[in-house]
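Descriptive analysis of the structure
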Amino acid sequence: MTLTFPKSLHGIFPLLPLRVMLACCAAITAHAWANDLQQQRAVYDKAQRLLDKGSVSEYVNIRDQIKDYPLTPYTDYRAFLINIAQRTPAEVENFIEKYKTLPFSGRIRAPYIDGLAQRGLWKKLSDFQTVEPRGESYQCHYYYALYRTGNREVAFKGAEKLWQSGESISDACDSLFSAWDQSGSRTDQHILERMQLAFEARNGSLMNYLSRQLRTSKAKVQAEEIKVLFTHPERVLEFALEHSENDWYRSVTAMALKKLARKDIKKAFSAFEQVVSAQNMSIEQSQALADYLSFRLMNTDSLLQQRWRDKKIASSTNNKLIERRIRLAIQDADWQGVINWITLLPESNQSSLRWQYWLGRSELAKGKTKQGSERLEQIVGQRNFYSVAAAKEIKRSINYPVSTISFHQEAVQPFRTALIRIEELIEREKITAAKNEWEWLLDRADDEQKEMLAAYAANKQWSHLSVQASIQAKMWDNIELRFPVAHRWWFDFYGEKHSIDPITLMSVARQESALDVLARSPVGARGIMQVMPSTAKYTARKYQLMYRSSNELYEVGKNIEIGSHYLKGLLERYDNNRVFAFAAYNAGPNRVKTWRERTQGRLDAYAFIEAIPIKETRGYVQNILMFETYYRDLLGVDGAFLNQHEIETRY
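Residues numbered from 1 in each chain as written. Predicted model: local features only at pLDDT ≥ 70, side-chain atom pairs only at ≥ 80, totals over all residues. Heavy atoms only, no water.

Per an unreviewed UniProt entry, the chain is named Murein transglycosylase, and its organism is Vibrio zhanjiangensis. Quoted verbatim from the Sequence similarities (unreviewed entry) heading of the UniProt record, the comment on the chain is "Belongs to the transglycosylase Slt family." (UniProt positions renumbered as here; feature names shortened; annotations may be inferred.)

Next comes the structure, spelled out in structure tokens:
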């Protein structure tokens with residue numbers, strides 16, 4: 001793709017002295033501007049120190065010195081938060097409106113609600129917050145404020161809604177729940193229903209806590225029965241037979257059978273028919289339970305269980321279950337089974353590139369050469385893993401659509417102030433704040449503006465922000481914006497050092513973090529290649545690398561050093577097979593070992609990837625192989641989608 005940037009109009013001056021004079025003037029102006037910026041930064045840093053001490057009045061005294069500095073709104077925000085509960089609702093609303101183009105404007109309500117609640121200013125809170133806020137603790141304050149200001153009916157409806165959770169609820173709700181309970185509105189039935197939710201959430205401690213709040217002897221008996229089933233789900237059949245048929249006991253029975261299936265699938269399978277019969281479950285309830293057990297029986301060795309599982313799947317409308325069964329057929333190289341199971345999917349699912357590819361492959365395997373080849377021919381030429389796989393199967397070139405755009409400065413003009421602010425945040429290495437600003441900006445942009453912002457970020461070499469904007473704008477065919485060539489020096493250096501294709505390292509990083517050097521996953525993986533701190537310690541010790549703390553994983557060079565070492569170890573372990581190495585990088589070597597034991601060398605690379613039961617890992621491997629293709633095209637580097645030894649390997 002070629003980005004076209006409109007040129008500024010400058011006169012062409014014929015006299016050399018004038019050119020020299022203008023150049024000198026420009027240099028002097030730039031120097032003066034740089035000095036002024038440095039002074040503003042120094043004053044801004046002083047303002048931050050003053051606010052650290054809560055010295056709002058001293059901040060106000062120096063604010064004029066930075067009134068034009070791009071980041072001053074952040075110190076205004078900090079100053080406003082100090083003693084925020086003393087503000088009037090009108091002041092808060094005005095502040096939110098004034099700074100609505102900044103992300104913190106969406107965060108002002110939360111501390112104000114907290115501050116008012118801490119001071120017991122319930123009338124003020126209910127006047128300010130007229131609709132249910134987001135966030136559990138703020139909802140608790142909101143409904144309690146309604147209770148304290150006389151709106152008991154709405155308050156208790158809110159309490160009932162918040163109560164319905166299988167997890168612990170914010171302490172901020174304690175006063176609301178206490179008032180609800182004391183009014184007599186909260187019943188034992190509410191407590192039992194929440195115990196069910198806790199059972200489903202596998203939260204035994206919450207179940208014990210709730211059971212102590214029950215009042216009637218009947219409810220206490222029911223609670224003890226649920227707790228026994230939670231601890232000993234193998235008693236589910238006895239429970240189902242002993243209790244009358246009603247919605248309550250059917251629900252508890254179903255949860256217990258699911259827990260037994262997780263604990264001992266053989267016992268759950270043996271009890272299924274009698275449990276369903278004892279509680280007179282409906283066809284829908286029975287099928288839902290059968291679906292659950294079928295998932296757990298997907299890799300059973302018992303012929304009896306296999307036949308039962310397949311019979312239940314054949315009557316299911318659970319598309320995920322049917323697709324899991326298709327993958328089992330692929331795992332077993334059962335090509336007629338692949339065809340048969342795909343036909344159970346809705347037409348919209350069957351027509352996807354994924355299942356059209358596997359129908360074509362199955363037809364070829366069954367000797368229907370013409371039919372299979374024609375089917376695969378129809379999906380060639382698209383930007384998709386299965387399209388590429390189809391092209392390889394019928395020996396066609398890899399082609400996919402590519403789009404380009406021209407950058408128009410006027411399209412991002414409405415965001416000029418925000419873009420200047422983002423640039424200053426990046427310059428000052430306040431990357432998290434810059435990312436927040438970018439996300440806020442994208443939320444306010446239309447699709448065309450998002451495209452221009454993606455191009456703007458690419459021009460600024462803001463790689464992660466460019467990727468993020470291109471995804472939000474759904475620019476799927478714009479390969480250059482979606483796949484920036486970033487941090488190339490590091491990828492080249494460690495690629496050469498470890499004999500790994502730098503494009504492979506770049507593609508792994510693009511998949512792992514979208515090239516966000518400060519990325520952190522919910523489980524703690526960090527940095528551009530999403531290295532776990534435990535993996536970093538292990539890798540550093542194994543290869544004698546300098547590594548002091550997990551904070552180093554946010555340094556691009558160190559992260560790529562450790563990530564590339566770890567990937568190199570996986571490639572060596574799997575004889576340079578990227579399919580296995582990528583899967584292990586995402587899901588761990590132990591899972592890859594299990595999957596290989598199941599497939600027993602019956603499959604080619606494409607079938608092995610499809611047979612991976614974890615959706616994330618399956619997509620992960622497919623994506624990186626595609627990303628390598630895109631990067632090779634962008635950089636003009638030759639390379640195969642799968643290397644010859646990867647093609648020849650039996651998986």
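Here we take up the overall build of the chain. On a plain count of helices and strands, the chain comes out with 37 helices and zero strands. A principal-axis box enclosing the C-alpha atoms of the chain has dimensions of 100 × 75 × 50 Å. For the chain, the residues scored as buried account for 49% of the 651 residues in total. A separation threshold of at least 6 residues defines the contact pool for the chain, and within that pool the share at least 24 residues apart is 58%. Distance from the positive charge centre (89 side chains) to the negative charge centre (77 side chains) of the chain: 3 Å. (Helix = DSSP H or I, 4+ residues; strand = E, 2+ residues; numbered from the N terminus. Buried < 20%, exposed > 50% of the residue type's maximum accessible area, 1.4 Å probe, protein only. Contact = heavy atoms within 4.5 Å. Lys, Arg positive; Asp, Glu negative; His and termini not counted. Charge placed at Lys NZ, Arg CZ, Asp CG, Glu CD.)

Going through the model one piece at a time under the given rule, you end up with 43 aromatic pairs. Ring plane angle 70 degrees and centroid distance 4.9 Å describe the contact between tyrosine 142 and tyrosine 143, whose orientation is recorded as edge-to-face. Look at tyrosine 456 and tryptophan 462: their rings are 5.8 Å apart centre to centre, the planes differ by 65 degrees, and that puts the pair in the edge-to-face class. Its relative accessible area of 10% is what places tryptophan 462 among the buried residues. Positioned above the aromatic ring of tryptophan 163, the side-chain terminus of arginine 194 is 4.6 Å from the ring centre. (Phe/Tyr/Trp six-rings, centres within 6.5 Å; stacked < 30°, edge-to-face > 60°. Lys NZ or Arg CZ within 6 Å of the ring centre and 35° of its normal.)

The next thing to look at is the UniProt feature "domain: Lytic transglycosylase superhelical linker" (unreviewed entry) in the chain. UniProt records the feature "domain: Lytic transglycosylase superhelical linker" (unreviewed entry) at residues 417-479, using the numbering of this structure. What you have in residues 417-479 is 78% helix and 0% strand, and the ends, taken at the C-alpha atoms, are 28 Å apart.

By secondary structure assignment, the location of arginine 510 is in helix H30 (residues 502-513). Here arginine 510 is buried and forms no salt bridge, its nearest opposite-charge partner glutamate 512 lying at an N-O distance of 11 Å. Setting aside residues no more than four positions away along its own chain, arginine 510 makes contact with Val467, Ile471, Arg482, Phe483, Leu515, Phe627 and Tyr631. (Salt bridge = Lys/Arg side-chain N within 4 Å of Asp/Glu carboxyl O.)

Soluble globular proteins tend to pack their nonpolar side chains together in the buried interior. With 113 residues, the main nonpolar core has Leu257, Trp438 and Leu453 as its most contacted residues. Considering each element in turn, this core owes the most residues, nine residues, to helix H14 (residues 247-263). Apart from residues lying up to four places away in sequence, tryptophan 438 is in contact with Leu419, Ile422, Leu453, Ala457, Trp462, Leu465, Gln468 and Ala469. Among the nonpolar cores identified, the runner-up in size contains 86 residues, and Tyr400, Phe491, Ala540 and Val621 belong to it. (Core = buried A, V, L, I, M, F, W, Y, C linked by side-chain atoms within 4.5 Å.)

So, about the pattern of salt bridges. This structure, assessed with the given rule, holds 35 salt bridges. Between lysine 263 and glutamate 234 there is a salt bridge, with the nearest N and O atoms lying 3.2 Å from each other. A residue pair is termed long-range when its members are at least 10 positions apart, and lysine 263 in helix H14 and glutamate 234 in the loop between helix H12 (217-231) and helix H13 (236-242) qualify at 29 residues. On the basis of relative accessible area, glutamate 234 is assigned to the partly exposed category, the value being 36%. For glutamate 363, the salt bridge goes to arginine 375, with nearest N and O atoms at 2.8 Å.

Bringing the confidence of the model for the chain into the picture now. In the predicted model, the chain carries a mean pLDDT of 93, and 95% of its residues have values of at least 70. The low-confidence segment residues 1-30, where pLDDT is below 50, has 25 contacts with residues more than four positions distant or belonging to other chains. (pLDDT = per-residue confidence, 0-100.)

Here we take up the UniProt feature "domain: Transglycosylase SLT" (unreviewed entry) in the chain. Listed under "domain: Transglycosylase SLT" (unreviewed entry) in the UniProt record, and renumbered for this structure, are residues 493-603. Helix makes up 61% of residues 493-603 and strand makes up 0%, while its end C-alpha atoms are separated by 35 Å.

Let us look at the packing of helix H24 (residues 416-427) against helix H25 (residues 431-444). Any two packed helices are characterised by the angle at which their axes cross and by the distance between the axes. Remark: H24 packs on H25, axes separated minimally by 8 Å, with the N-to-C direction vectors making an angle of 160 degrees. On the basis of their axis angle, the class for H24 and H25 is roughly antiparallel. Like other packed secondary-structure pairs, H24 and H25 cross with a definite hand, here left-handed. Note on element contacts: H25 touches H24 through Ile431, Ala433, Ala434, Glu437, Trp438 and Leu441, opposite Ala418, Leu419, Arg421, Ile422, Leu425 and Ile426. Residue composition of the contact of H24 with H25, grouped by class: ten nonpolar, no polar and two charged. (Axes fitted to C-alpha atoms, helices over the stretch in contact; angles between N-to-C directions. Parallel < 35°, antiparallel > 145°, perpendicular 65-115°, else oblique. Left-handed = near helix turned anticlockwise from the far one by under 90°. Nonpolar A, V, L, I, M, F, W, Y, C, P; charged D, E, K, R; others polar.)

A word on a nonpolar patch on the surface. Side chains of Trp489, Trp490 and Phe493 sit close together on the surface and give an oily, nonpolar patch of about 340 Å² of accessible area. Mapping tryptophan 490 onto the fold places it in helix H29 (residues 488-498). Residue tryptophan 490 is classed as partly exposed on the basis of its relative accessible area, which comes to 31%. (Patch = residues over 30% accessible without salt bridge, like charges linked within 9 Å, V, L, I, M, F, W, Y side chains within 5 Å. Areas by Shrake-Rupley, 256 points an atom, 1.4 Å probe, with all protein chains shown as cover.)

In this section: unusual backbone geometry. For residues besides glycine, phi is generally negative; the peptide bonds are generally trans as well. In this structure, alanine 514 is a non-glycine residue whose phi angle is positive, near 55 degrees. Tracing the backbone through its elements, the reader meets alanine 514 in the loop between H30 and helix H31 (533-543). Overall, the relative accessible area of 15% leaves alanine 514 in the buried class. In this structure, glutamine 600 takes a positive phi of about 55 degrees despite not being glycine. With respect to the element layout, glutamine 600 can be found in the loop between helix H34 (589-599) and helix H35 (605-611).

Evaluation of the coordinates by the stated rule reveals one disulfide. Across the disulfide, cysteine 140 is cross-linked to cysteine 173 (sulfur-sulfur distance 1.7 Å). Because the torsion about its S-S bond is -75 degrees, the bridge between cysteine 140 and cysteine 173 counts as left-handed. Taken together, the residues cysteine 140 in helix H7 (residues 136-148) and cysteine 173 in the loop between helix H8 (152-163) and helix H9 (174-182) connect sequence positions 33 residues apart. A residue is classified by how much of its surface remains accessible, and cysteine 140, at 0% relative accessible area, is buried. (Disulfide = S-S within 2.5 Å.)

Here we come to the side chain of glutamine 213. With respect to the helices and strands, glutamine 213 occurs in the loop between helix H11 (204-211) and H12. Within the local environment of glutamine 213, its side chain forms a polar contact with the side chain of arginine 186, the two groups lying 3.0 Å apart. Residues in contact with glutamine 213, not counting those within four places in the same chain, are Trp163, Arg186, Asp188 and Ile191. (Polar contact = N/O pair within 3.5 Å; in protein donor to acceptor, adjacent residues only side chain to side chain.)

Our focus in this paragraph is helix H21 (residues 353-365). Over its 13 residues, H21 extends 18 Å from the first C-alpha to the last, a length consistent with the 18 Å expected when each residue adds 1.5 Å. With ten of its 13 residues buried, H21 lies for the most part within the structure. Among the residues of H21, Leu353, Trp355, Gln356, Tyr357, Trp358, Leu359, Gly360, Arg361, Ser362 and Glu363 are the ones counted as buried. Glycine 367 sits one or two positions beyond H21 and adopts a positive phi of about 90 degrees. (Expected span 1.5 Å × (residues − 1).)

Put simply, H30 and helix H33 (residues 578-587) touch, their axes get as near as 12 Å, and they point 35 degrees apart. Handedness of the H30/H33 crossing: right-handed. Seen from H30, the contacting residues are Thr504, Val508 and Glu512; seen from H33, they are Arg578, Phe582 and Tyr585. Across the contact of H30 with H33, the residue classes tally to three nonpolar, one polar and two charged.

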